[in-house]
Amino acid sequence: MTAFYTCVNVYFELGYKPKFKKQQPKRQKNLSTTIKPHLIIALLLTSQLCFSQRLANYQDGPLDIIKLGDPTLRQVAQEVPLDEIKTEEFQSFLDDMVATLKNSKGVGLAAPQVGISKRVFVMKSGYSIPLTILINPTVEYLESFGKKLSTEGCLSIPRKRVRVKRYKKVKFSYYNRTGKFVTQQARGLMATVVQHEYDHLNGVLIIDHLNLMEKLLDYIDYIAAPIM
Ligand SMILES: [Zn+2]
């Protein structure tokens, strides 16, 4: 028996590799093997967690953001008299608008959304949209550049996302907080935000952009909702 073990040891030390298992040929990687379903599920769960976290961090203030159903959201807002821009009260209101936008984690906020029916909105998003305060804005839609679909949410309609067709490029003019008249052009996210906020000044909301089928599905969802 001892001799047998010695022989086995010698075989192993000489580099003998017993073939216990037939080696499997390497499978070629294709799309179906590289995209793992469990990774997709993990990604979806993570994004859901991030979204919930964003909602948890959401807070109003210093101004209260009104929600769908409040009649102010449906009014056509009034022009701001130019001699009002430099008043202390109006400047303080602009500061509150900026602070409320920052706290809301949104990228744009119009005065009607805080219950003030005036033609004012503010916008800011990272480095792509510098903080801009627009008083009495006018928007020219540059139709020759075409339209694109944009998925949008609204601080006044929590948890709702709507796909809206927006012009790709716009030209817009406004008075800034010092009373200076400014004209700008925008494309991308800034063009979308300008159109969304300008809609608010005319009493238009993202749900007004739904097509007939989407409105029908929305209605079915509404009537089928549990009453609590
Ligand atoms: Zn909105």
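As a convention, each chain's residues are numbered from 1 in the sequence order in which they are written. This being a predicted model, a pLDDT of at least 70 is required before a residue's local features are given, and a value of 80 or more before pairs of side-chain atoms are given or counted; all residues contribute to the totals for chains, interfaces and linings.

## Considering the environment of Q184
Phase 1: Put simply, DSSP marks the helices as runs of H or I at least four residues long and the strands as runs of E at least two long, and each gets a number from the N terminus on. Locating Q184 in the fold gives a position in strand β7 (residues 181–187).
Phase 2: Taking the C-alpha atoms as reference points, Q184 and V170, separated by 14 residues in sequence, lie 8.5 Å from one another.

## A short note on the environment of R166
Phase 1: Tracing the backbone shows R166 in strand β5 (residues 157–167).
Phase 2: Given 20 C-beta atoms within 10 Å, R166 falls into the buried group.
Phase 3: C-alpha of R166 to C-alpha of L149: the two residues are 17 residues apart in sequence and 6.3 Å apart in space.
Phase 4: Two residues qualify as being in contact provided that their C-beta atoms, derived from the backbone, are within 7 Å of each other. Excluding residues within four positions of it along the chain, R166 makes contact with K147, K148, S150, A191, T192 and Q195. Here a residue counts as buried when 20 or more other C-beta atoms sit within 10 Å of its C-beta, as exposed when there are 12 or fewer, and as partly exposed otherwise, the C-beta atoms being derived from the backbone.

## Digging into the confidence of the model for the protein
Phase 1: Each residue carries a pLDDT score, the predictor's own confidence in it, on a scale running from 0 to 100. This prediction gives the protein a mean pLDDT of 84; 74% of its residues lie at or above 70.
Phase 2: Note that pLDDT drops below 50 for residues 1–16; the model gives that stretch 1 contact with residues more than four away or on any other chain.

## Some words on the nonpolar core
Phase 1: We define a nonpolar core as a collection of buried residues of the types Ala, Val, Leu, Ile, Met, Phe, Trp, Tyr and Cys that are connected via C-beta atoms lying within 7 Å of each other. With 32 residues, the main nonpolar core has M97, L109, A111, F121, V170 and V194 as its most contacted residues.
Phase 2: Per-element accounting of this core gives the leading share, 6 residues, to helix α5 (residues 188–201).
Phase 3: If near-sequence neighbours (up to four positions away) are discounted, A111 is found in contact with A77, M97, I116, K118, V120 and F121.

## A few points about α5
Phase 1: For α5, which comprises 14 residues, the first-to-last C-alpha distance of 21 Å matches the rise-based estimate of 20 Å (1.5 Å per residue) to within 8%.
Phase 2: Burial of α5 is extensive: 11 of the 14 residues sit out of reach of the surface.
Phase 3: The set of residues buried in α5 consists of M190, A191, T192, V193, V194, Q195, H196, E197, Y198, H200 and L201.
Phase 4: Among the residues trailing α5, G203 stands out with phi positive, at a value near 75 degrees. Take the residue count of a helix, subtract one, and multiply by 1.5 Å to get its expected span.

## Some points on the pairing of β7
Phase 1: Two strands are said to pair when DSSP picks up at least two bridges between them. In this sheet, β7 lies alongside strand β6 (residues 169–175) in antiparallel orientation, the contact comprising 7 bridges. Following the sheet pairing, V170 is matched in β7 by A186.

## Focus: the environment of G106
Phase 1: Tracing the backbone shows G106 in the loop between α4 (88–104) and β1 (108–110).
Phase 2: The spatial distance from the C-alpha of G106 to the C-alpha of K124 is 8.2 Å, given a sequence separation of 18 residues.
Phase 3: Those residues in contact with G106 that sit more than four places away from it in its chain are L101 and L155.

## Observations regarding the sheet that holds strand β2 (residues 120–125)
Phase 1: Here we have 5 strands laid out as an open sheet, ordered β1-β2-β3-β6-β7, and antiparallel in their pairing. With one partner strand each, in any of the chains shown, β1 and β7 form the two edges of the open sheet. On average, adjacent strands in this sheet sit at an angle of 40 degrees to one another, irrespective of strand direction.
Phase 2: Along the sheet face, α4 touches β1, β2 and β3 (129–141) and points at about 40 degrees away from the line of β2.
Phase 3: A fitted line through C-alpha atoms serves as each axis, taken over the contacting stretch for helices, and the angle formed by two N-to-C directions is quoted from 0 to 180°. Along the sheet, α5 contacts β1, β2, β3, β6 and β7; its crossing angle with β3, the most-contacted strand, is approximately 65 degrees.

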